[in-house]
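Chain by chain, the residues run as shown.
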Amino acid sequence: MGKITFYEEKNFQGRSYECMSDCSDMSSYLNRSQSCRVESGCFMVYDRNSYMGNQFFMRRGEYSDFMNMMGMSNGIRSCRMIPMHRGQFRMKIYERENFGGQSHEMMEDCDNIMDRYRMNECQSCNVMDGHWLMYEQPQFRGKMMYMRPG
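Residues numbered from 1 in each chain as written. Predicted model: local features only at pLDDT ≥ 70, side-chain atom pairs only at ≥ 80, totals over all residues. Heavy atoms only, no water.

As recorded by an unreviewed UniProt entry, the chain carries the name Gamma-crystallin M2-like and is attributed to Notothenia coriiceps. The record in UniProt for the chain states the following under Function (unreviewed entry): "Crystallins are the dominant structural components of the vertebrate eye lens." As stated in UniProt under Sequence similarities (unreviewed entry), the record for the chain gives "Belongs to the beta/gamma-crystallin family." (UniProt positions renumbered as here; feature names shortened; annotations may be inferred.)

Okay, structure coming up:
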């Protein structure tokens, strides 16, 4: 089980909100969130309500200033806990939307999908086991997207 504490101000100041599960809208708990401590587990945090907008993966540690560290100008508005997974990881990626075109099954990290599988694009996927982070650029760079089973 994960635990994250959000603070309204930088450097863990101001009102706080402790969270141990998904939260789609933090506005009823805090006016804004500009810092946090992840005490256990892993979370995806979002700069808009309902798990929308820019997202950032957070693991155990202290994050004293979202504005400078992550470029999240509005602070954190929602978060999703990433459950621990034991077992294999499997995901099938597809070149086209709606599971069309060339496909490949992945079971481990890949730093460049386009080179490894000779795909022009990756527009859809089916996560069969585990939880995955997909990045828009090679070498785990650029915007990321959290993918859970489905």
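As a further point, take unusual backbone geometry. Within the chain, tyrosine 51 stands out as a residue other than glycine whose phi angle is a positive 60 degrees. One can find tyrosine 51 in the loop between strand S4 (42-48) and strand S5 (52-58). One non-glycine residue with positive phi stands out, namely arginine 118, at about 55 degrees. Structurally, arginine 118 can be placed in the loop between helix H2 (113-117) and strand S10 (124-129). Owing to a relative accessible area of 70%, arginine 118 belongs among the exposed residues under this scheme. (Helix = DSSP H or I, 4+ residues; strand = E, 2+ residues; numbered from the N terminus. Buried < 20%, exposed > 50% of the residue type's maximum accessible area, 1.4 Å probe, protein only.)

Tallying each qualifying case throughout the model produces six aromatic pairs. Taken together, a centroid distance of 4.0 Å and an interplanar angle of 10 degrees make the contact between tyrosine 17 and tyrosine 29 stacked. Here tyrosine 29 lies in the loop between strand S2 (13-19) and strand S3 (35-40) and tyrosine 17 lies in strand S2, a separation of 12 residues in the sequence. On the accessibility criterion, tyrosine 29 (39% relative accessible area) is partly exposed. In this arrangement the basic side chain of arginine 37 is found over the ring face of phenylalanine 12, its NZ or CZ atom lying 3.9 Å from the centre. Cation over ring: arginine 80 sits above tyrosine 51, and NZ or CZ is 3.7 Å from the ring centre. (Phe/Tyr/Trp six-rings, centres within 6.5 Å; stacked < 30°, edge-to-face > 60°. Lys NZ or Arg CZ within 6 Å of the ring centre and 35° of its normal.)

Our focus in this paragraph is the UniProt feature "domain: Beta/gamma crystallin 'Greek key'" (unreviewed entry) in the chain. In the numbering used here, UniProt assigns the feature "domain: Beta/gamma crystallin 'Greek key'" (unreviewed entry) to residues 2-40, 41-83 and 130-150. Split by type, residues 130-150 is 0% helix and 62% strand. Its first and last C-alpha atoms lie 10 Å apart.

Checked against the element boundaries, glycine 14 lands in strand S2. Relative accessible area serves as the criterion here: at 53%, glycine 14 is assigned to the exposed category. If we ignore the near neighbours within four places in the chain, the residues touching glycine 14 are Tyr7 and Glu9. (Contact = heavy atoms within 4.5 Å.)

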